[in-house]
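Residue strings, one per chain:
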Amino acid sequence: MTVDASGLSYCDGSGLGLLLEIRRRQEARGAAFELRGLAEQFRALLDLFGPAGVGAMPGPRRRGGLVEGAGRAAAGLLADVREMVGFVGTLTFELCRLALRPMSLRWKDAFWAAERAGVNALPIVALIGFLIGLIMAFQAAMPMRKFGAEIYAADLVAISTLRELGPLMTAIVLAGRSGSAFAAEIGTMKVNEEVNALTTMGLSPFRFLVLPRVVATVAMTPLLTVFTNLCGLIGGAVVLVIMGFPLVTYANQVSGAVGMADLLGGLAKAVVFGVLVAGAGCLKGLQTKTGASAVGESTTRAVVAGIVLILVSDGVFSVVYYALGI
Amino acid sequence: MDSGPVIRVEGLKAAYEGKVVFQGVSFEVRRGEVFVVLGGSGCGKSTLLKHLIGLYAPAAGRIQIEGEDLVAAEGEGRRRILRRLGVMYQSGALFGSLDLLENVMLPMEECTDLPREARLLIARMKLKLVGLEGFERYRPSEISGGMQKRAAIARAMALDPGLLFLDEPSAGLDPVTSAELDQLILRLARSLGITFVLVTHELASIFAIASRSIMLDREAMGVVAEGTPAELRDRSSDPRVRRFFRREANIA
């Protein structure tokens, strides 16, 4: 076959592909192929693929088998656990040191973090607390009404809010709101090399970035939990007042159902939840790798890790409180 | 002043996830010179810089900063070495939540007992030195890339280090701004006697400011040439060096 390309003044990638494919087919059949008069600039492109036409397609890159993949995943998990243990150790050490030298904390940063994690979270925490109290009271009062026991919905709301749902919901909101924000902030600083800049200035990123956030969250979580509890009780009150019970009856029922131990038990949980949420957020932020998607991944991991840690520790608290008779 | 090497690197090997980036890298940086690490993309220039500033631990070899072993140093000893050097990162790495003045004051705030008034004065001086007078209250996001790099140099100089590391100072800058930055580096090196270690592949910058340089190569996984930029360009017989200085593409 002879192709006369002397009149060719423009040829794009598709045209070159066509010429190459014709040549390949001819050569595969053992037939002759001649290309005449092709302009020099097109000839140079055609020659990139050599006289034998387009080379064989390289096979897919070896990604490793199932066993190798499982091994890599296990090694990654172990490294993650090791890093987490190291982080917990450093955090404990730094918190103890802070207790001895409170002025070593960057209080300005801590107040800033407290404002964002605490004050700014108040409306959403209050709304969730109110709705949970309201829904719980309504769902409990309806079946209880059949037995004339709807006033006991107040007991249910008070006990479950103060002991369980108040701290739990507050912590989950904080994990979604502040844990993710911490991971994103520190992750962005990591990507922008600001964390490296701190290290090379001889400053500890831990003291600079992690401690103020942890202290702020630990201080704010119990306070927010108090608000969640209060709003939950108000939600329950709304339902029972609408059902015809005087507010004082509801208040008496609540005060008879729960005591200081229930409130303090819930707040103790909140303190631990605060450490876990802030710790997970900061750790995932510091673990951020490079690239545009890295910060997003860290944020997601911070929220997931925060919620899992909250639920696991809540289970541990339940067992411990049961054993202690609280 | 001691005329011995400020940095001595011996047999440095860097590896990432088991893959060797470079090995057997040895060189010295003398006091007061502008030392440039050059080479093509992916040859390990920035990795070398991160080893020199203590961010990465070497797989093998020694790094001495002013006679002290950076690799072996720990705790306060390591912090003491690090405080003798300043670093300007490729992106500037200024703290976005602080204005320029606060950025420059931060190292002084954390590492010295200077009163606030003194810190303010020194920070303003440093910003003036890099031509950013009047921009003290600007946030990094409110100024141009070239200004961010100058502010990052001011912050790196906050504790008056004798040694400044600059990672790709010309990256992302137009030729005029890049030339201004080169002039600033030369001025600081001459007037303050600061030793500069730069990582770059910008030929114009290299010839404008470098006293001496080494060239890394990806395939050689190490140093392929050492000398002044003119020596490397005119006398090197190594084809990789010649290709780099002649800006020849390596496409078969």
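Cut-off values and rules
- Residues numbered from 1 in each chain as written.
- Chains lettered and ligands numbered in written order.
- Predicted model: local features only at pLDDT ≥ 70, side-chain atom pairs only at ≥ 80, totals over all residues.
- Heavy atoms only, no water.
- Helix = DSSP H or I, 4+ residues; strand = E, 2+ residues; numbered from the N terminus.
- Buried < 20%, exposed > 50% of the residue type's maximum accessible area, 1.4 Å probe, protein only.
- Domains from an automatic or database assignment.
- Phe/Tyr/Trp six-rings, centres within 6.5 Å; stacked < 30°, edge-to-face > 60°.
- Lys NZ or Arg CZ within 6 Å of the ring centre and 35° of its normal.

All names here are of chain B. One non-glycine residue, Glu66, lies in positive phi territory at about 45 degrees. As for its position among the elements, Glu66 is in the loop between strand 4 (60-65) and strand 5 (68-69). On the basis of relative accessibility, which here comes to 29%, the residue Glu66 falls in the partly exposed class. Its identity is not glycine, yet Met221 carries a phi of approximately 50 degrees, on the positive side. If you trace the backbone, Met221 turns up in the loop between strand 9 (212-217) and strand 10 (222-227).

The domains assigned to chain A are domain 1 (2-47) and domain 2 (70-324). Each of domain 1 of chain A and domain 2 of chain A has a C-alpha centre, and these two points are 69 Å apart.

It is worth spelling out the packing of aromatic side chains at this point. Working definition: an aromatic ring pair is given by the centre-to-centre distance plus the angle between the planes. Scanning the model with the defined rule gives 9 aromatic pairs over all chains in all. Centroid distance Phe273 of chain A to Phe317 of chain A: 6.4 Å. Interplanar angle 90 degrees. Geometry classified as edge-to-face. Taken together, the residues Phe273 of chain A in helix 10 (residues 260-286) and Phe317 of chain A in helix 11 (residues 294-324) connect sequence positions 44 residues apart. Using a relative accessible area of 0% as the deciding quantity, one classes Phe273 of chain A as buried. We classify Phe317 of chain A as buried; its relative accessible area is 15%. Geometrically, the ring pair formed by Phe207 of chain B and Phe245 of chain B is edge-to-face, given 5.7 Å between the ring centres and 65 degrees between the ring planes. Taken together, the residues Phe207 of chain B in helix 7 (residues 203-209) and Phe245 of chain B in helix 9 (residues 239-245) connect sequence positions 38 residues apart. For Phe245 of chain B, a relative accessible area of 9% gives the class buried. Feature note: the residues Phe273, Phe317 and Tyr321 of chain A constitute an aromatic cluster, connected by ring pairs. Lying across the ring of Phe95 of chain B, Arg155 of chain B places its NZ or CZ 4.8 Å from the centre.

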